Amino acid sequence: MEGNLPQQQCHPVTTAIEKDDLVIPIIDFGPFLHGTPADKHEVAMSVVHAFKTSGFLYLSNHGVPPSVVSHVFGTSARFFARPQAQKDSLCWTTPQANRGYVKTGQEKLRTVEEDDGDNDDDDVAESRSIPDLKETMEIGREGVAGLPNRWPEHLDAAGQEFKAVMLSFFERCKALHTAVMRAIALGMHLPEHYFDSSVDAGDNNLRLLHYPAVDKRVFRDNPWQVRAGEHSDYGSITLLFQDGRGGLQVRSPRGTFVDATPVADTVVVNAGDLLARWSNDTIKSTRHRVVEPPRVVVEDGKDDDDDDTGVYPDRYSIAYFCNPNNDQMIEAIPGTYGEDIRPLKYPGITAGDYLVQRLTATY
Ligand SMILES: O=C(O)CCC(=O)C(=O)O
Ligand SMILES: [Fe+2]
């Protein structure tokens, strides 16, 4: 269903963000996981409506307990606090593997080809030359022949715990991915289990992100400096857990960047380019970036940090990039194309080939 959905068919949703024509809802996923078929259907309609309009939503009651999320954040912070040489010994190697530690500056999110034309060439060149202020740890599906994860397990007991915590979290996120794909199927008038066999391998990628503390002057003196450059995600959907710092921004239909403020105990879910392609562009893969935390305006009308001195504290986030199975042929989902609807826009491609192409352009 295109455009506005009649409200009565939607599960009641709260609006988290509404600015410059960008509306991002908070959707209670509990009734999808535990409710009646009618509950499930309503939630599914809300989820697909959000993916077709903003491409972003927040899910509450998503089934991953807050205590688990907080333990994963702690484990991630302890990993990034390791000496640089230890982290470098686990470094990311190839797009095919896409596993390991990525130091500041290794990933180039904003590419000239992808620029949308509202900057002149000099600006783009300048923005490209400034690395993101982040380091990441990429964890892929465990047990793939020839593509080992780069665990710190040989280093010490904390390294072994890291592996156990991340493997268990990977499985929890995989279950949530399957559930969200079921919601998408129902919301697109397909059988609930339509996508199950296309995503059951779990060819997903768990990315731990650390944005180090940074002197406020770095942002003040360089208008191009960001923590993570503007991009869209490549896969089907992303489950994004943020800490309370803020800084994530989503491109609005008007072209402005709108703060996607952290909402406690929710996961941000956004559609990626492969889901947009799979849905014949009925679902939106919306661009986003991470900048310094938003300014808080205090009562006298002044910013809380008018003097621009000091540092912005560290920010941590966890992105679980969900993908179809590597060998899944991505061809437009039934109901998204046809004579009376819209033409078929893309030839088929396997998910694995598509993702390696995108990663090759990025590193
Ligand atoms: O750190 C965040 O909040 C967003 C990270 C992100 O968009 C990404 O890694 O693709
Ligand atoms: Fe992203």
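Here is what the cut-offs are and how they apply
- Positions within a chain are numbered from 1, following the residues in the order the chain's sequence is written.
- Labels follow written order: the first chain is A, the first ligand is 1, and so on.
- Whole-chain, interface and lining totals are the exception, using all residues; otherwise, since this is a predicted model, local features are given only for residues with pLDDT of at least 70 and side-chain atom pairs are given and counted only at 80 or more.
- Neither water nor hydrogens contribute to the side-chain values; these are computed over all heavy atoms in the structure.
- Distances decide who is a donor: an N, O or S atom must be within 2.8 Å of the metal, or within 3.2 Å for Na, K and Ca. Water is not included, so sites may look incomplete.
- Strands here mean DSSP runs of E at least two residues long; helices mean DSSP runs of H or I at least four residues long; both are numbered from the N terminus.
- Only protein chains enter the accessibility calculation, which uses a 1.4 Å probe. A residue is then buried if its area is under 20% of the maximum for its type, exposed if over 50%, and partly exposed in between.
- Note on pairing: DSSP must find at least two bridges between two strands before they are called paired.
- Simply put, an axis is a line fit to the C-alpha atoms, just over the touching stretch for a helix, and the angle between two N-to-C directions goes from 0 to 180 degrees.
- Two residues qualify as a contact provided that any one of their heavy atoms is within 4.5 Å of a heavy atom in the partner residue.
- Among the buried residues, those of types Ala, Val, Leu, Ile, Met, Phe, Trp, Tyr and Cys that are joined through side-chain atoms within 4.5 Å form a nonpolar core.
- A helix's residues, less one, multiplied by 1.5 Å, set its expected span.
- In protein, a polar contact requires one atom able to donate a hydrogen and another able to accept it; more generally it is a pair of N or O atoms within 3.5 Å, and residues adjacent in sequence count only if both atoms are side-chain atoms.
- For this purpose, a residue is taken to be near a molecule or strand whenever a single non-hydrogen atom of the residue falls within 4 Å of it.
- We place a 1 Å grid over just the protein atoms. Points where a 1.4 Å probe fits but has no way out form a cavity, open points with protein on both sides within 12 Å along at least 5 of 7 lines form a pocket, and any residue with an atom within 4 Å of a point lines it.
- Occupancy of a cavity or pocket is assigned to a molecule whenever over half of its atoms lie within 2 Å of that pocket's grid points.
- Three classes are used: nonpolar for Ala, Val, Leu, Ile, Met, Phe, Trp, Tyr, Cys and Pro, charged for Asp, Glu, Lys and Arg, and polar for all others, with Gly counted as polar.
- Grid points are joined across faces, edges and corners, and a volume is the space filled by probe spheres set on the points.
- Within this analysis, the arc is defined by the directions that extend from the helix axis to the C-beta atoms.

- As recorded in an unreviewed UniProt entry, the protein goes by the name Oxidoreductase, listed as coming from Aspergillus indologenus CBS 114.80.

**Quick word on the coordination of the iron ion (ligand 2)**
(1) Moving on: Bound to the iron ion (ligand 2) on the protein side are His231 (NE2), Asp233 (OD) and His288 (NE2), at distances that span 2.1 to 2.2 Å.
(2) Moving on: The motif formed by the donor residues of the iron ion (ligand 2), counted along the single chain, is H-x1-D-x54-H. Remark: His288 occurs in strand S13 (residues 288-290) and His231 occurs in strand S8 (residues 228-231); sequence separation between them is 57 residues.
(3) Moving on: Note on His231: relative accessible area 11%, which makes it buried.

**So, the sheet that holds strand S10 (residues 248-251)**
(1) Moving on: Ordered by their spatial adjacency, four strands build an open sheet running S8-S13-S10-S11, and the pairing between neighbours is antiparallel. Edge positions in the sheet fall to S8 and strand S11 (257-259), since each has one partner strand and no second. Ignoring which end each strand starts from, the neighbouring axes of this sheet average 25° apart.
(2) Moving on: Alignment of S8 against S13, held across two bridges, turns out to be antiparallel. Counterpart to His231 in the pairing with S13 is His288.

**Notes on the environment of Val356**
(1) Moving on: Along the chain, Val356 turns up in helix H10 (residues 351-360).
(2) Moving on: Ignoring any residue separated from it by four or fewer positions in sequence, one finds Val356 in contact with Pro95 and Gln96.

**So, the nonpolar core**
(1) Moving on: Grouped together as the largest cluster of nonpolar side chains are 64 residues, with contacts concentrated most on Phe51, Ile184 and Leu239.
(2) Moving on: Looking at this core element by element, the count peaks at 14 residues for helix H6 (residues 157-187).
(3) Moving on: Aside from chain neighbours lying at most four places away, what touches Phe51 is Leu57, Val180, Ile184, Ile237, Val269, Asn270, Ala271, Ile283 and Lys284.
(4) Moving on: Leu22, Leu209, Ala228 and Val258 belong to the second-largest nonpolar core, a separate cluster that totals 18 residues.

**Here we look at H6**
(1) Moving on: When the terminal C-alpha atoms of H6 are compared, their 45 Å separation across 31 residues agrees well with the 45 Å that a helix rising 1.5 Å per residue should span.
(2) Moving on: Its side-chain oxygen at 3.3 Å from the backbone nitrogen of Ala158, Asp156 defines the N-terminal cap of H6.
(3) Moving on: Positioned one or two residues after H6, His189 has a phi angle of 60°, which is positive.

**Examining the site of ligand 1**
(1) Moving on: All residues adjacent to ligand 1 are Arg207, Leu209, Tyr211, His231, Asp233, Leu240, Leu248, His288, Val290, Arg315, Ser317 and Phe321.
(2) Moving on: Between ligand 1 and Tyr211 there is a distance of 2.6 Å, counted from an oxygen atom to a side-chain nitrogen or oxygen.
(3) Moving on: For ligand 1, an oxygen atom lies 2.6 Å from a polar atom in the side chain of Ser317.
(4) Moving on: Applying the majority rule of atoms within 2 Å of the grid points places ligand 1 in the largest cavity.
(5) Moving on: When residues of the shell around ligand 1 are traced back to their parent elements, those giving at least two are strand S6 (205-211), S13 and strand S15 (315-322).
(6) Moving on: Grouping the constituent residues of the shell around ligand 1 by class yields six nonpolar, three polar and three charged.

**Observations regarding the sheet that holds strand S9 (residues 237-242)**
Think of a sheet as strands paired side by side through backbone hydrogen bonds, with each pair either parallel or antiparallel.
(1) Moving on: If you trace the nine strands from one edge of the open sheet to the other, you get S1-S2-S3-S12-S9-S15-S6-S5-S4, paired in mixed fashion. Looking at strand neighbours, the two that pair on one side only are strand S1 (14-19) and strand S4 (100-102), the edges of this open sheet. This sheet shows a mean twist of 20° between the axes of neighbouring strands, independent of strand direction.
(2) Moving on: Where strand S2 (residues 22-28) meets strand S3 (residues 56-60), three bridges bridge the pair, whose relative direction is parallel. Each bridged residue has a counterpart across the sheet, and for Asp28 the counterpart in S3 is Ser60.

**Focus on empty space enclosed by the protein**
(1) Moving on: Evaluation of the coordinates by the stated rule reveals five cavities of 30 Å³ or more.
(2) Moving on: Along the wall of the largest cavity there are 18 residues; nearest its centre are Leu209, Tyr211, His231, Leu240 and His288.
(3) Moving on: Counting residues per element, the ones that place at least two in the lining of the largest cavity are S6, S8, S9, S13 and S15.
(4) Moving on: It is S15 that contributes the most residues to the lining of the largest cavity, four residues altogether.
(5) Moving on: Here the lining of the largest cavity is built from residues that sort into nine nonpolar, five polar and four charged.

**Remarks on helix H3 (residues 66-80)**
Since the α-helix packs 3.6 residues into each turn, any two residues three or four apart lie on the same face.
(1) Moving on: When the terminal C-alpha atoms of H3 are compared, their 21 Å separation across 15 residues agrees well with the 21 Å that a helix rising 1.5 Å per residue should span.
(2) Moving on: Residues of H3 that are buried: Val69, Val72, Phe73, Thr75, Ser76, Phe79 and Phe80. With its buried residues spanning 165° around the axis, H3 presents them on a single face. Within H3, the exposed residues directed more than 90 degrees away from the buried face are Ser67 and Arg78.

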